[in-house]
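Breakdown of the fold
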Amino acid sequence: MTNKIKLYHGDGGAKTNELISQVFLKYYGDGMESSLSDSFVFTTKEAKLAYTTDSFVVQPLFFRGGDIGKLAVCGTLNDLTTAGAKPIYISASFIIEEGFDIEDLRKIAQSMGEVCKKNGVKIVTGDTKVVEQGCGDGLFINTSGIGVVSEKFVPSEIEPEDEIIITGTIAEHGTAILLDRYDLSIETDIISDCCALNHLITNLDMELPYIKLMKDPTRGGIATVLNEIAVHVGYNVELIENNIPICPQVKGVNDILGIDPLYLACEGRMLLVVKKDFGCRVLHALKIWGYKDAQIIGHFAKENQRLVYLQTDIGGKRLLPSLEGQTVPRIC
Amino acid sequence: MSNFLSYLIHIRGIVQGVGMRPYIYKTAKAFRLTGFVKNKGSSVEIVISGEQWAIDGFLYELTSNPPPNATIYDISVTPHTKAHFRDFKILHSSQNQQMQDSILPDLAVCEECMEDIRNRQDRRFEYAFTNCTNCGPRYSILKDLPYDRENTSMHCFSMCPQCREEYKNPQDRRFHAQPNCCPVCGPKYSLGNCMGEPMECESPVEKTKQLLKEGKIIAIKGIGGYHLVCNAQDEAAIATLRTRKKRPHKPFAIMAAVVEDVLEICTVSPKEKETLANNQRPIVLLNKKGNALLPEIIAPRLHQYGVMLPYTPLHYFLFEDSLKYLIMTSGNISGMSICYKDEDALTQLSEVADYFLIHNREIMTPIDDSVIRVLGEDVLISRCGRGYAPMSLPLDTPFEILALGGNQKASVCFLHHKRAHISQYLGELNFLDACNEYISVINRLGCLLNANPKFFAHDLHPNFFSTQYGKTLGKKSIAVQHHHAHMAGCMAEHEFCGVGIGIIFDGTGMGTDGTIWGGEFLVGSRGEFKRVGHLECVTLQGADSAIEAPWKCALSYLHTMNENIELYLPNIDKQQLQVIKKALQNNVNCYQSSSMGRFFDCVAALTLHRSQISYEAQAAIELESMVDAAITEEYDFSISETEGGFILRYQSILKGVLEDLKNQQPVSVISAKFHNTISRATVVCACHIREKFNLNSIFLSGGVFENSYLLKNIVFGLTRSDFQVFYNRKVPLNDGGLCFGQGAAAASILEG
Ligand SMILES: [Fe+3]
Ligand SMILES: [Mg+2]
Ligand SMILES: [Zn+2]
Ligand SMILES: [Zn+2]
């Protein structure tokens, strides 16, 4: 490991894991197990609870389809959702750079309030710090959340033939951020998919027993997240290219830029691993609840090389490697 | 009898499956020696007893006149105690697996066997699986060593009495020819429809010929896999093959019945002729003659054909006067690896081939045809496949290493018992099937060699499948920088152990600074290196997409030079140009690169308006094909010395290209001037480096040197400036040779 923090230490990939295991876990002991989960689940006398935290440093702060505030609340709600939890309380901490526009802060606070209201959760505690000009990038937000875990959701061991569902079209958040951050002069109406997914737990109440794992494909997109899952469960993941929902505009923009949308973040989508043969049932339930673009995108294979690949329409099985660092070309 | 002496002799090398034991038997008999010979692992062990003069004579004969296909690495002779034998015998192979160090590649059918096949009286008349100790399949049917029939896919065909007779008779050409067989006891061809369902026909071969003449595409199972075959003079059939195979432009290989037919379509030097006809029967890249005997779509926009001669009896049967040239291309879907298992072929090729000509001998390892080019008297391997692989080269190190190669043109190399064993070309590791094949070749070759590597050498690129696979193998992995591996491989091939200058021009290689290298001047040895110069870096946008769409390279260059992009890329959508420009300004999906391959892509895109490629390096290959060799002019260039070494600036070169474009100079002139400039600049840069570092040996490697015009020019220029110049010949100088270089570098690094 290098002796200075590099940007890639925050990309959620191998380097982030290296940093966590070599710096944090060493001192935190067994509290933080290395698992796939974004939330910690624990049981008190009264209930089974989930607890999570996340920091948001997105640029730009306002983007098509959302802002940092909405993202911060949704991110935490979604992390609780992955644990099968219905969120109840949220905390919010702000690190604001001197000179930041109060009107902007107001807008951000407002959208946070709206998301909370819409989803029946409350921001109950928080903190505000101001740092000198030059010491922050406008605004950073940290949120944490606590939720009650549904008894019906019992994550269980993934086996070959278990099915993989995505609840909607992919890569819209990542693409929206790209477009807004760099003003790429592309005419499109792509907006971020940023939204709260906690209703999944109630919507899928009847189906929860067949869901083995939920994971929101944020940093690194579905390819990266599925690679993590493949390594963790020890089987290959086979995706069907034609089944992966992606809106044509998102595909078009990324084609031009040479970016693979399978590696771009979603902020309002969930990957579900469903017990074999129950994929259709869960998919049907999702469609009824309005997840019109949800699709069964693949399944776990029996081979144990822990690779993720895409069954392409020309017939080959193209590998989707876990990418380390910036995407640099591989062709010689 | 007191003056009788006895010796134990060990011969290491390619000594099995080449008629070594019958040869030794005959020679020993001739000198009236007694004792025995046997295969031991992959070496041959001899005990002989007789008078000193006879033993001397025997040894002299053995070293100066071994069988034609044998390669002897070394012979050890030690005194032996037991001196009395009644006779000279060939003993059964010992199962001792200690000295596995050579595997014989597959050989083309020999002239003597062809005589049998053509002879109506012979029991092998028109038999497609005829072979003898001097010819036939080896590596492709091998499951394990020693090379005995039980260890090949011939084991399920039990020999008929007549074949067994030949097999057991030391005087016979087929003595211990492991795949020996005949129409009575051996494998057979059968013809099936596109579903593989067998068809009633008297002679599958005659029917196949008829179908070829009708313009049909036939999948034919051969030595190392399936070929897709059609009549090379039938433009419609070839066009159909292109569509079905999803391979719009990549040149197809041609098979011609005899050298005379090759002479009608290509110019062939004596060395090229010799290479075409050797018993490895590679595809040889030959300059086209300017006639229209064959349709342009075989190798569109190129100045060369890849041509080979028949190498199995079946191939010979396929030709006749009205069927003189056949397209013989690997049986696969574009981008994927060659089919060699019947089930895979039937599923993958059912929509490509109209019929299947199949045989019932299993192929144990897939192996593509080799590709060779001849440069003057030098024979250069571009793709190491059938006939050449596995290749064994000396590499003196005590370490057991498995080098994993790169991502494209994958191949692996085992360092084992002081030799390097290089696998066949394994294609691109972007698809699951190719990766599985890659892993099984590693396992199979490792098992054949009885190698148990303790160290793994791999590329620096973290996202290569080979790198990621290497990391799962064990902790003792050694990362070797891509271009250092190219240089070390060139040094090792020439058994050079000192310090020299490496000039490595290729497409993409991860540098030690996280940027993409590819136009590199290195100084160093096999074990270490320093980057002392390079092509000026440019910011390229779009990762792999910039490689598939060379106009993006051109745009990236023009952007940094503030040139009018739309003027020079008139055929690209204006909005797309704007987007990429913005992306370049904002560093979206951009990387820094000093790649020479991308510089060629840039110039090719500007001159040929080739905006999208369908096979690797297509634009650059087409640019080379355009060169007017009569043009000796060049563009201005500058080299500046900086802290980062000598920088070859691209600006003035590109300015010259743009100027010529404005003046509507023909592409052939621009291409020649560009090639000349790169050659000159390379030589000038090399001279600067010589002055500064006082080194005179130069090692050229990297895929850009597949460009023969460039390689010839640079070699000529460097030689004229009194450099000692080396380049790869036996090992591909493209990424197919990367594994060998990684192994050489890793061995030196371990030796410290
Ligand atoms: Fe290379
Ligand atoms: Mg999170
Ligand atoms: Zn023969
Ligand atoms: Zn027989």
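Residues numbered from 1 in each chain as written. Chains lettered and ligands numbered in written order. Predicted model: local features only at pLDDT ≥ 70, side-chain atom pairs only at ≥ 80, totals over all residues.

Considerations on the interface of chain A and chain B
The interface is formed by 29 residues belonging to chain A together with 43 residues belonging to chain B. Listed by contribution, the elements that provide at least two residues to the side of chain A that touches chain B are helix 4 (172–182), helix 7 (248–257) and strand 14 (317–319) of chain A. Top element by residues in the side of chain A that touches chain B is strand 14 of chain A. It accounts for three residues. A per-class count over the side of chain A that touches chain B returns 17 nonpolar, seven polar and five charged. (Contact = placed C-beta atoms within 7 Å. Helix = DSSP H or I, 4+ residues; strand = E, 2+ residues; numbered from the N terminus. Nonpolar A, V, L, I, M, F, W, Y, C, P; charged D, E, K, R; others polar.)

What about the sheet that holds strand 1 (residues 5–14) of chain B?
Residue and element names in this part refer to chain B. The strand order across the open sheet built from five strands is 4-1-3-2-5, with neighbouring strands paired in mixed fashion. With partners counted over all chains shown, the strands left at the sheet margins are strand 4 (71–79) and strand 5 (88–90), one partner each. Sheet twist, expressed as the average angle between the axes of neighbouring strands with direction ignored, equals 15°. Taken together, the seven bridges between strand 1 and strand 3 (residues 43–50) define a ladder with antiparallel strand orientation. Looking at the pairing, I11 lines up with V44 of strand 3. This element, helix 1 (residues 20–30), spans strand 2 (34–40), strand 3 and strand 5 of the sheet and lies at about 175° to strand 5. (Pairing = 2+ DSSP bridges. Axes fitted to C-alpha atoms, helices over the stretch in contact; angles between N-to-C directions.)

Concerning the sheet that holds strand 7 (residues 139–149) of chain A
All names here are of chain A. As summarised here, the arrangement of the five strands in space is 1-2-7-5-6, forming an open sheet in which the pairing is mixed. With partners counted over all chains shown, the strands left at the sheet margins are strand 1 (40–43) and strand 6 (122–131), one partner each. When the angles between neighbouring strand axes are averaged without regard to direction, this sheet yields 15°. Sheet strands in contact with helix 2 (residues 68–82) are strand 2 (48–56), strand 5 (85–97) and strand 7, and its direction is about 30° off that of strand 7.

With respect to the domain arrangement of chain B
Here chain B is described as being made up of domain 1 (5–90), domain 2 (189–359), domain 3 (384–493 + 735–751) and domain 4 (507–727). Here the C-alpha centre of domain 4 of chain B lies 55 Å away from the C-alpha centre of domain 1 of chain B. (Domains from an automatic or database assignment.)

Brief notes about the nonpolar core
If you look at the biggest cluster of nonpolar residues, it comprises 331 residues, and the most contacted ones within it are B:I254, B:V307, B:I327, B:A403 and B:A554. Discounting residues that sit within four places of it in the chain, B:I327 has contacts with B:V229, B:C230, B:A232, B:I238, B:L241, B:F252, B:I254 and B:I298. (Core = buried A, V, L, I, M, F, W, Y, C linked by C-beta atoms within 7 Å. Buried ≥ 20, exposed ≤ 12 C-beta atoms within 10 Å, placed from the backbone.)

Considering the UniProt feature "domain: PurM-like C-terminal" (unreviewed entry) in chain A
Under the present numbering, the feature "domain: PurM-like C-terminal" (unreviewed entry) in UniProt falls on residues 159–304 of chain A. Taken end to end, residues 159–304 of chain A is 34% helix and 16% strand, and its two terminal C-alpha atoms sit 11 Å from one another. (UniProt positions renumbered as here; feature names shortened; annotations may be inferred.)

Quick look at the pairing of strand 13 (residues 325–330) of chain B
All names here are of chain B. Of all six residues in strand 13, six are buried; the element is thus mostly enclosed. Judged from the five bridges that link them, strand 8 (residues 226–231) and strand 13 form a sheet pairing that is antiparallel. For C230, the partnering residue across the bridge sits in strand 13 and is I327. Alignment of strand 9 (residues 253–256) against strand 13, held across three bridges, turns out to be antiparallel. Bridge pairing in strand 13 links M255 to L326.

Brief notes about the environment of B:H227
Residue and element names in this part refer to chain B. Take H227: it is sitting in strand 8. As a C-alpha pair, H227 and I338 span 111 residues in sequence and 8.4 Å in three-dimensional space. Look past the residues within four positions of H227 in its chain and what remains in contact with it is I220, G222, M328, T329, S330 and G331.

Observations regarding the environment of B:R244
Residues and elements named next belong to chain B. As for its position among the elements, R244 is in helix 6 (residues 235–245). With 90 residues separating them along the chain, R244 and S334 place their C-alpha atoms 9.6 Å apart. Not counting residues within four places of it along the chain, the set of residues in contact with R244 comprises E351 and V352.

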